[in-house]
Amino acid sequence: MKSSFKTVELSDLNFESQGLRFLTVKTPNLKGRGDICLYVPEVDNFDNLPIYILLHGVYGSAWIWAMKGGAHVTTEKLIKNNTIKPAIIAMPSDGLWGDGSAYFSHHQKQFDNWIVNDVITAIKENIPEAKNSTSTCIGGLSMGGYGALSLGGRFPEKFKAISGHSSITKLEQMQLFTDDSLDEYLKESKTSNLIDILKKNKTSLPPIRFDCGVNDSLFEANKLLHKELIKENITHNFEEFKGGHEWSYWIEHLEKTLLFFDKLV
């Protein structure tokens, strides 16, 4: 089958470990290369495993959910315990613009299309276990939570479920983490607040959950989003827990995202 990408590099099975694979493709959406770290469980005779996309936060990249958050370890444990069905975890880079792309188009790069089109296509074309996959869910942390909720809201037909941890809810909150000019982000997008994005497709949204730690700088913003969604009669599940904006929190609560996805695929 002809590849959808000009160049493709896939890690060699002889050197992979813990179910992790690495994939790099060249795409016009990024005007260059994009990286995807994957956890692919050991299964027999499967070519339609669901794909669970996990988006990273500011400063991160394709490796961080696995190598700082142990996402593959958590997933493998749940699969081996028969708590969830086998699934592929896809951990793409955001396109690597500045401190974080926020997962929408700007600077003449289509960071949104990279995630919702290229990532899924690259996995199906290069990972046999996903060749005929029909189910994709999307989640993320911080900026990645913003990405998951915004992309799920803008492209609801692409996803079976959405989950966010410690999510940025308005683009202006990016300035808690970066000094990149927000004006540069907004040259190609005027709709940057999650509530406005989710309201636009409120009748077709997939199931949504999100959570935040009570000691997180984004906690009040997440509570406000919860109240706004209630006001708009948008069904969702919001949970608050102990903890802050930190990896110990995301490691602990990733399991909730995986369990949520598993029920909906």
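About the thresholds
Residues numbered from 1 in each chain as written. Predicted model: local features only at pLDDT ≥ 70, side-chain atom pairs only at ≥ 80, totals over all residues. Heavy atoms only, no water. Patch = residues over 30% accessible without salt bridge, like charges linked within 9 Å, V, L, I, M, F, W, Y side chains within 5 Å. Areas by Shrake-Rupley, 256 points an atom, 1.4 Å probe, with all protein chains shown as cover. Salt bridge = Lys/Arg side-chain N within 4 Å of Asp/Glu carboxyl O. Helix = DSSP H or I, 4+ residues; strand = E, 2+ residues; numbered from the N terminus. Pairing = 2+ DSSP bridges. Axes fitted to C-alpha atoms, helices over the stretch in contact; angles between N-to-C directions. Contact = heavy atoms within 4.5 Å. Phe/Tyr/Trp six-rings, centres within 6.5 Å; stacked < 30°, edge-to-face > 60°. Buried < 20%, exposed > 50% of the residue type's maximum accessible area, 1.4 Å probe, protein only. Lys NZ or Arg CZ within 6 Å of the ring centre and 35° of its normal.

Break down a nonpolar patch on the surface for me, with residues and values.
Where nonpolar side chains cluster on the molecular surface, the patch consists of Phe22, Trp63 and Met67 and spans about 340 Å² of accessible area. When you line up the elements, Trp63 lands in the loop between strand E4 (51-55) and helix H1 (64-67).

Any details on the sheet that holds strand E5 (residues 88-92)? Residues and values, ideally.
What the nine strands build is an open sheet, ordered E1-E2-E3-E5-E4-E6-E7-E8-E9; its pairing is mixed. Strands with a single pairing partner mark the edges of an open sheet, and in this sheet they are strand E1 (8-10) and strand E9 (237-241). Strand after strand, the sheet turns through a mean of 20° between neighbouring axes, direction not considered. Of the strand pairs in this sheet, E4 and strand E6 (residues 136-141) are connected by five bridges, and their pairing is parallel. Within E6, the position partnered with Leu55 by the bridge is Gly140. On top of the sheet, helix H2 (residues 71-80) reaches strand E2 (20-27), strand E3 (32-39), E4 and E5; it is set at about 35° to E3, its chief contact.

Describe the packing of aromatic side chains, listing the residues and the values that go with them.
Throughout the structure, instances matching the rule amount to five aromatic pairs. Between the aromatic rings of Trp247 and Trp250, the centroid separation amounts to 5.2 Å while the plane-to-plane angle is 90°, which identifies the pairing as edge-to-face. Of the two residues, Trp247 and Trp250 both sit in helix H8 (residues 247-264), three residues apart, roughly one turn of that helix. With respect to burial, Trp247 and Trp250 carry one shared label: buried. Judged by centre distance (6.3 Å) and plane angle (45°), the ring pair of Phe260 and Phe261 falls under tilted. When sorted by exposure, Phe260 lands in the same class as Phe261, which is buried. Taken together, the aromatic side chains of Tyr52, Phe260 and Phe261 make up a single cluster linked through ring pairs. It is Lys256 that lies over the ring of Phe241; its NZ or CZ is 4.7 Å from the centre.

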